[in-house]
Structure formats: C-alpha cells, structure tokens
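Each chain, letter by letter, is given below.
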Amino acid sequence: MIRLFPAAILSAVFLVPAAASALSQPEQQAAGSPTTTLRQADARIAAIAYRLALAGRPFCSAAYPLTGLLFHHLAEYRPADRPGMIARYGLDRGPGILTVLAGSPAADAGLKAGDVLLAVNGRSFPSAAAEIAASDKGKWREVAEAGERQLEDALRLGPVRLTVLREGRELALVLGSHPGCFGRVRLARNPTVNAFSNGHDVVVTTAMLDFARSDDELALIIGHEMAHFILGHPPMHTSDKLLASIGIRSGIFWKREEAADRLALRLMAAAGYDLDAAIPFWRRFLGKYDNDPQIFRYHPSLGARERIAREEIAAIRAGGATR
C-alpha cells in the first residue's frame, strides 16, 4: 500500500467526471493513441497494468485471464450524466467498454471502446438497474464487479461468445484471453496522492497519476499494489492502521510492504520498465507525504525503502533471487 486515506473518502472515490469529458474515438485516433479508448488517462493506467500482469505470469501461482479490456458502468456516473450515457452508448444495457488495448485479445476480437456487453455464452450480465439500486446503499461496485467476474470465470474455461451492443446494433464476437497475474486496475478521480489494494482491485488516484513523472514510476506504484495481491496480503483496514499507530504489529505491516516493494521491482524488470525510477520516486513521494515518526509507521521509512530497492535492483541485475 502506498498510502491509505480515510474511509470516508473511499466511499466516493470511484465517481468519474461528467460524460462530456469523455473523448470520442476519432479524437483518440487523431492523437495517435495506441488504444481505442474513451479517456486517455484510464487507458494509460490500463496499458501499464496489462504489461506488468502479462510479463509477471511466472511470479503468480494462479493465472488470471487478461483481455485488454477496461470497463465503465452506468452507476459510476453522476445521476445528471446518466441519461446522456444511456443515449450515447446504451450503458443501461450492460457493462460498457472504456478501453481496448492495442494488440490484446480484446482488440483481436474486434471489440471497441464504446461497446456494451450484453451477454457472455448466452448469459446476461447484471443490469444497470441493479447497479443503480445498489448505489443507493453505496454497494454498486459489488454488482458491477459481479459482472466482470462473470466474464473472467467464463474465460478461464476458454474463449467465450459475446453479445455486444454497438451503435444500436447487436453483434456476436468471440473473445479469448492471455494468462497473467491479477490485472484489474482502476483509476479513481480523487485529489489524494494515493494507490492501494482493496481486496478486489488495485486503485490509483488521478492525483497519483499527476504526481508520477513517468510510466516507469507508475509501473512501480501499480506493481507494488499488484504484488500485494500476488503475495496474498489482505487489504489494510482502519483497525490495522490504528494498531500500527500505537506500535502494535507494525513489524508485520513493514514486512508486507518490503515484500511488495521487492516483487514490484521484479515485475517491472520482467515488463521492461526502468528500475532506476524507483529510488527517485520514493525520495520525492516520501519526502513530501510521509512525516510520521518511525514508531507510528505501517510502512518502511525512506531509508529502508532505498536500501530495499538497492538490494533488489542489484540482485535482479546480477541474475539473483529475491532476498
């Protein structure tokens, strides 16, 4: 975990901007984007996560079906924006496709940003109406993720038949996948510089995206949170942070963070990212946002993280195993 912000913020973290901020597909093509996407920032995060997850397969005990798809859901949008999303994309019919990464199974299947998935192997996805109803209780994400897991579970058995809505017409497509590490990573519009694993997804805030100076730094951030999933670390809850604040179980949390730091560098190396981005990022990030006394930490200090990075980078370049 890079930094945990208050639970009150988590309840609103997945809200996205008005539909008017979405870029059209022709605008993306004109910009020379290597993806087909409705929002460039989301596509950037998705591309880095996909690259890490695909290259990191040797580090994962269980394979996750990677498609190169990133979804958006009607319940994510403000109520005033939902009629526009329904009219523009038919987003009331099922989960919408926000991004299709170039060279991915989704691209090979002919899927495009703006499509809506209606059914997989003849089975319908959870309705947007169910998402909206759950959003009143703050639980729309559970319904949305049920649909995404439905697709993932089907893909684990092999290529799937999709019924897709595109510009008012239904299409039949076949989608496959590549085996990789867990790769469900989302961009959350929030002003807190943060990234975390919540037990279901890896979440990176827009403020963290702005703070990072390169894709290599973003790969370190995303790889660290993916590493928590790969290593089976449970998400940190408020009670854990309280224990750490009084010096109880801090050692456990530090060991988890160290393990995630080391594996993140291994994932970066496998995916071809620049390992030399790690120490400058930690210096800049912890120098600005980490002022807690060591006894109250639930993560390593800057000095410890520099040591960890130097050791692991040296071992990787020497062809050695993780310390």
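Residues numbered from 1 in each chain as written. Predicted model: local features only at pLDDT ≥ 70, side-chain atom pairs only at ≥ 80, totals over all residues. Heavy atoms only, no water.

**Concerning helix H6 (residues 128-135)**
- Every buried residue of H6 is listed here: Ala128, Glu131, Ala134 and Ser135. Axial view of H6: buried residues confined to an arc of 120°, hence all on one face. (Buried < 20%, exposed > 50% of the residue type's maximum accessible area, 1.4 Å probe, protein only. Helix = DSSP H or I, 4+ residues; strand = E, 2+ residues; numbered from the N terminus. Arc of directions from axis to C-beta.)

**Comments concerning the pairing of strand S10 (residues 185-188)**
- Taking every second residue as pointing to the same face, both faces of S10 are buried, with Val185 and Leu187 on one and Arg186 and Ala188 on the other.
- Taken together, the four bridges between S10 and strand S12 (residues 202-205) define a ladder with parallel strand orientation. Residue arginine 186 lies in a different strand from S12, and its bridge partner there is valine 203. (Pairing = 2+ DSSP bridges.)

**Structural notes on the state of the cysteines**
- For the structure on display, the rule yields one disulfide.
- What pairs with cysteine 60 in a disulfide is cysteine 181, and their sulfur atoms sit 1.8 Å apart. Across the disulfide from cysteine 60 to cysteine 181, rotation about the S-S bond amounts to roughly 105°, and the bridge is consequently right-handed. With a gap of 121 residues between them, cysteine 60 in the loop between helix H3 (40-55) and strand S2 (64-66) and cysteine 181 in the loop between strand S9 (178-180) and S10 connect regions that are remote in the sequence.
- Of the residues examined, cysteine 181 reaches a relative accessible area of 0% and is grouped as buried. (Disulfide = S-S within 2.5 Å.)

**Focus: the packing of aromatic side chains**
- Scanning the model with the defined rule gives six aromatic pairs in all.
- Between the aromatic rings of phenylalanine 281 and tryptophan 282, the centroid separation amounts to 5.3 Å while the plane-to-plane angle is 65°, which identifies the pairing as edge-to-face. For the pair formed by phenylalanine 281 and tryptophan 282, the shared burial category is buried.
- One cation-aromatic arrangement involves arginine 284 over phenylalanine 211; the distance from NZ or CZ to the ring centre is 4.6 Å. (Phe/Tyr/Trp six-rings, centres within 6.5 Å; stacked < 30°, edge-to-face > 60°. Lys NZ or Arg CZ within 6 Å of the ring centre and 35° of its normal.)

**Digging into the nonpolar core**
- Ranked by size, the top nonpolar core spans 63 residues in total, and within it Leu52, Ile222 and Leu265 carry the most contacts.
- With eight residues, the top contributor of residues to this core is helix H9 (residues 215-230).
- Setting aside chain neighbours within four positions, we find leucine 265 in contact with Leu220, Leu275, Ala278, Ala309, Glu312, Ile313 and Ile316.
- Listed in part, the 18 residues of the second largest apolar core include Leu69, Ala154, Leu155 and Leu162. (Core = buried A, V, L, I, M, F, W, Y, C linked by side-chain atoms within 4.5 Å. Contact = heavy atoms within 4.5 Å.)

**Description of the sheet that holds S12**
- Spatial strand order, S10-S12-S11: three strands in an open sheet with mixed pairing. Each edge of the open sheet carries a strand with a single partner, namely S10 and strand S11 (195-197). Strand-to-strand, the axes of this sheet are offset by a mean angle of 20°, without reference to chain direction.
- Set on the sheet, H3 makes contact with S10 and S12; between it and S10 the angle comes to about 150°. (Axes fitted to C-alpha atoms, helices over the stretch in contact; angles between N-to-C directions.)

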